[in-house]
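# Observations on the model geometry
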Amino acid sequence: MTSVPTPVCPLPVRVLAHSMACALALLALPAHAQQPAAELPAVTVRADGAGEGTAPLRPSAQAERERLERVPGGTNLALPQQESRLATLRDALDYQPGIVIQDFFGATDQPRLSIRGSGIQSNPLNRGVLLLQDGMPLNEADGSFIIGLIEPRNAALVSARRGANTLTPGATTLGGEVDFQSLTGADERGSVRAEAGSFGRKALQGAVGLQGAQWDGRISVSGDRFDGYRHHSASQREALHANLGFQGAGGFENRTYLSWTDLDFDIPTVVPKDRVRTNPRGVMGDGNTPQDQLLNVYRRDPRREATQLRLANRSRWGSDALRQELGVYWQDTDDLFNNQTSYAITHSRTTGAQWQASGQTGGPLAWRAALGWSRSSMDRDLDATNPANGTQMQRFGAYDLTADNLQAQAGADWRLAPAWTLVGQWGWSRQSRDAASRLDGRALDQQWTFSTPKIGVNWTPAPTVRWWANLSRSQEAPTFWEIVAANVAPNAPAAASSELVRLKLQRATTFEVGGQGRWGEGTRALHWQLAVYRSQVADELMSTTDESGIKVGTYNYAGGTRHQGVEAGLSGSWPLGAAGGLEWRGSWTYSDFRFKEGIYAGNRIAGVPRHLINAEVLWRVATASGTWRVGPNLRWMPTDTPTDHANTAGSEQDAYALLGFKLEWRSGPWTAYLLADNVTDRRYASSYAIRNQATAAQPGYLPGLGRSVAAGVTYRF
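Reading the values: the criteria
Per chain, the residues get numbers from 1 upward, laid out in the order the sequence is written. Since the coordinates come from a predicted model, pLDDT governs what is reported: local features require at least 70, and pairs of side-chain atoms require 80 or more to be given and counted, while whole-chain, interface and lining totals use all residues. Side-chain calculation: all heavy atoms of the structure are included, whereas hydrogens and water are not. For salt bridges, the criterion is a side-chain nitrogen of Lys or Arg within 4 Å of an Asp or Glu carboxyl oxygen. Secondary structure is summarised from DSSP: a helix means a run of H or I of at least four residues, a strand means a run of E of at least two, and numbering begins at the N terminus for each. Burial here depends on accessible area, computed with a 1.4 Å probe over protein chains only, as a share of the maximum for the residue type. Under 20% is buried, over 50% is exposed, and the range in between is partly exposed. For two strands to be treated as a pair, DSSP must find at least two bridges joining them. Within this analysis, patches are made of residues with over 30% relative accessible area and no salt bridge. Like charges are joined at 9 Å or less; nonpolar side chains (Val, Leu, Ile, Met, Phe, Trp, Tyr) at 5 Å or less. Working definition of accessibility: Shrake-Rupley area with a 1.4 Å probe, residue cover restricted to the visible protein chains. To obtain the arc, one takes the directions from the helix axis to the C-beta atoms. Polar contact is the term for a pair of N or O atoms within 3.5 Å; when the atoms are in protein, one must be able to donate a hydrogen and the other to accept it, and sequence-neighboring residues count only if both atoms are side-chain atoms. In what follows, a contact means two residues having at least one pair of non-hydrogen atoms within 4.5 Å.

## Details of the pattern of salt bridges
Enumeration over the complete set of coordinates arrives at 55 salt bridges. With a closest N to O distance of 3.1 Å, Glu64 and Arg67 form a salt bridge. Here Arg67 and Glu64 lie together in helix H3 (residues 61-68), a separation of 3 residues that amounts to about one turn. With relative accessibility at 29%, the residue Arg67 sits in the partly exposed group.

Here it is, written out as structure tokens:
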């Protein structure tokens with residue numbers, strides 16, 4: 001894919017329009033039962049928890065907030081529909097403490113997502129965090145995921161439980177879980193959103209929702225196009241999301257979900273450090289050096305194309321004394337990934353089921369239990385990339401891959417005193433990763449059985465303040481992206497080979513203390529949260545790249561590592577006169593990750609900035625024409641970050657500060673915005689390839705987006 005055309009309408013019109021028409025026809029059959037418009041809460045109202053219980057299995061911000069307050073550890077609750085722009089995952093999660101997002105190309109591609117350092121070595125093939133869609137896993141059963149398939153415009157809320165503070169049986173890793181909960185037909189009758197911006201950015205979304213006495217349904221279609229800031233960085237994504245809910249007798253609820261996503265993006269790859277400043281839009285192949293000739297992006301055509309179809313169903317029944325939920329899901333994913341030297345072509349079929357139960361004993365004890373099962377069957381072929389034209393050459397690997405997980409979880413909350421609650425949780429997992437070559441019969445079957453216990457305490461000395469402490473255990477099995485390794489020299493594709501790598505579990509013990517609360521009352525209230533953690537990690541999974549910036553393999557670091565950090569957030573407002581005020585929010589994520597013993601003893605682990613600060617201040621004023629918000633924002637990495645484990649001087653990712661500006665207008669069903677990013681046109685590296693030892697002259701740095709402007713308008717009806 002050397003370029004992505006930009007049609008007038010960025011949607012597959014015939015397919016999506018036909019799908020919407022069919023869905024609306026089905027939803028419209030009982031339209032006479034539809035509630036009056038005044039009784040349908042708007043999205044912004046729903047985000048504050050209004051309308052609780054008016055639709056089956058409908059996400060409620062208030063209910064989720066109360067659930068998170070029972071977790072003795074760091075959590076996040078983001079409300080994407082309150083944001084102006086929702087083009088990327090960063091737009092939805094940018095001001096959340098503890099969640100680190102490092103852009104690749106600034107579009108619908110594959111940013112590096114990391115929580116507490118989990119998965120920082122896996123980029124661009126993500127792992128380390130369990131992604132959930134409406135409470136059920138989005139990851140393949142081996143733990144991997146394609147992060148660009150997520151559509152933040154379809155999320156009513158995003159709930160994150162950082163570290164081992166998880167609530168689903170499938171989440172066993174150091175990074176925790178992030179749950180994207182879908183908008184339903186009760187949230188809005190419909191909406192249309194259009195966005196456009198610099199470097200050919202275009203996006204269009206349309207959604208329609210209907211609600212009856214005992215049912216509701218919603219369908220959303222969206223399309224994105226981005227020509228790209230850098231050469232060879234065009235991208236496109238098309239998505240359809242639909243769900244249908246039903247309320248039965250005796251408190252029975254059921255909701256069915258359908259999603260289809262088609263993602264396609266070019267990869268401009270990494271460049272030497274000096275080009276970040278001298279030619280940030282360039283790629284290898286723009287120069288005349290031997291490196292440019294060897295790694296010519298235009299000829300090798302690195303890219304990724306992924307399509308996923310997903311079906312899921314959830315049922316819930318019972319009362320507070322005993323409430324149960326059963327969910328099942330199936331997804332089919334086709335993934336083609338050319339990393340410059342080789343193609344990985346994967347067809348994956350994943351099936352899973354999850355049962356959860358919770359109840360009250362009538363006294364100070366509440367309990368919960370869960371079972372989870374998932375299986376992925378994958379066919380993965382490895383083909384060498386022709387350096388002359390980017391086409392597929394000989395096949396040097398063909399594997400049948402099967403991942404199985406069986407997991408159980410049990411927990412209890414015991415109120416020791418009015419202000420004190422003891423929380424205990426125990427998880428058990430049996431995970432297998434079986435790989436067999438179709439070319440030569442080689443096979444590697446691996447199985448791990450482990451437990452993930454946790455104990456914590458909540459102390460609520462006042463209604464507006466909560467403190468916590470916890471001790472937990474996490475375990476992470478390798479994915480097939482680590483187990484199946486491709487070995488291809490850029491100048492010798494005919495000698496390409498592959499191998500199966502036996503790896504150990506990554507294990508960690510984490511201690512955490514923190515708190516959250518509110519200072520003040522009413523419009524002048526200041527909301528704060530703080531978490532401090534320390535994790536002792538054994539056999540950390542390390543994936544590194546070669547001198548060309550291409551992944552070469554994964555190993556367990558034998559000397560032990562330590563992850564520790566601080567996650568802090570602050571938000572509030574201050575009235576200015578009768579019709580205005582200041583609103584602010586900010587986060588600080590401090591990450592101190594080091595090797596304990598071994599060859600890199602005392603060095604920093606490459607991959608995550610030591611300090612990451614995000615802040616925004618807006619002046620709000622209400623006028624006869626609507627409510628206006630205007631002000632600056634800041635994304636600041638104040639210190640240099642190592643790009644290699646040897647911490648080689650001169651090879652670091654340089655510190656940077658990006659200044660932005662927002663102008664927003666809301667009036668009734670209308671919302672419009674104008675955003676300016678990187679207004680000083682700072683030249684910086686947004687991310688990089690991780691190596692054991694690097695030099696600044698090696699291709700390893702991804703230049704971040706330059707100065708850009710975006711505008712959009714949304715109408716809800």
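Having seen it, we continue.
## Concerning the pairing of strand S31 (residues 626-637)
Bridge analysis of strand S30 (residues 611-623) against S31 gives 9 bridges, and the strand direction is antiparallel. Bridging from a neighbouring strand, Glu616 pairs with Asn633 of S31. Counting the residues that bridge the hairpin from S30 to S31 gives 2 residues. The pairing of S31 with strand S32 (residues 656-667) spans 11 bridges and is classified as antiparallel. Within the sheet, the bridge partner assigned to Gly631 lies in S32 and is Lys662.

## Brief notes about the sheet that holds strand S7 (residues 176-182)
With mixed pairing, 5 strands are arranged side by side in an open sheet as S1-S6-S7-S4-S5. Unpaired on one side and paired on the other, strand S1 (75-78) and strand S5 (136-137) mark the two borders of the sheet. Two strands pair when backbone bridges link them, and S1 and strand S6 (residues 155-162) are joined in this way by 4 bridges, in the antiparallel orientation. From the neighbouring strand, Ala78 faces S6, where its bridge partner is Val158.

## Describing a nonpolar patch on the surface
A cluster of nonpolar side chains, Leu365, Trp414, Leu416, Trp420, Trp459 and Trp467, forms an exposed patch at the surface whose accessible area comes to about 590 Å². Note on Leu416: relative accessible area 46%, which makes it partly exposed.

## Side note on H3
If you check which residues of H3 are buried, you get Ala61, Glu64 and Leu68. Projected down its long axis, H3 carries its buried residues within an arc of 65 degrees, all on one side. Two or three places before Gln62, at the opening of H3, Ser60 has a side-chain oxygen 3.3 Å from that residue's backbone nitrogen.

## Re unusual backbone geometry
At His232, a position not held by glycine, the phi torsion is positive, near 55 degrees. Locating His232 in the fold gives a position in the loop between strand S10 (215-226) and strand S11 (235-247). Residue Asp539 is not a glycine yet carries a positive backbone phi of 55 degrees. For Asp539, the position within the fold is in the loop between strand S25 (526-538) and strand S26 (540-545). Given a relative accessible area of 11%, Asp539 falls into the buried group.

## Looking at the environment of Ala496
Within the fold, Ala496 resides in strand S23 (residues 492-500). Looking at Ala496, the relative accessible area reads 14%, which means it is buried. Sequence spacing of Ala496 and Ser342 is 154 residues, and the spatial spacing of their C-alpha atoms is 8.6 Å. With near-sequence residues (within four places) excluded, Ala496 lies in contact with Ala384, Gln394, Phe396, Asn487 and Val488.

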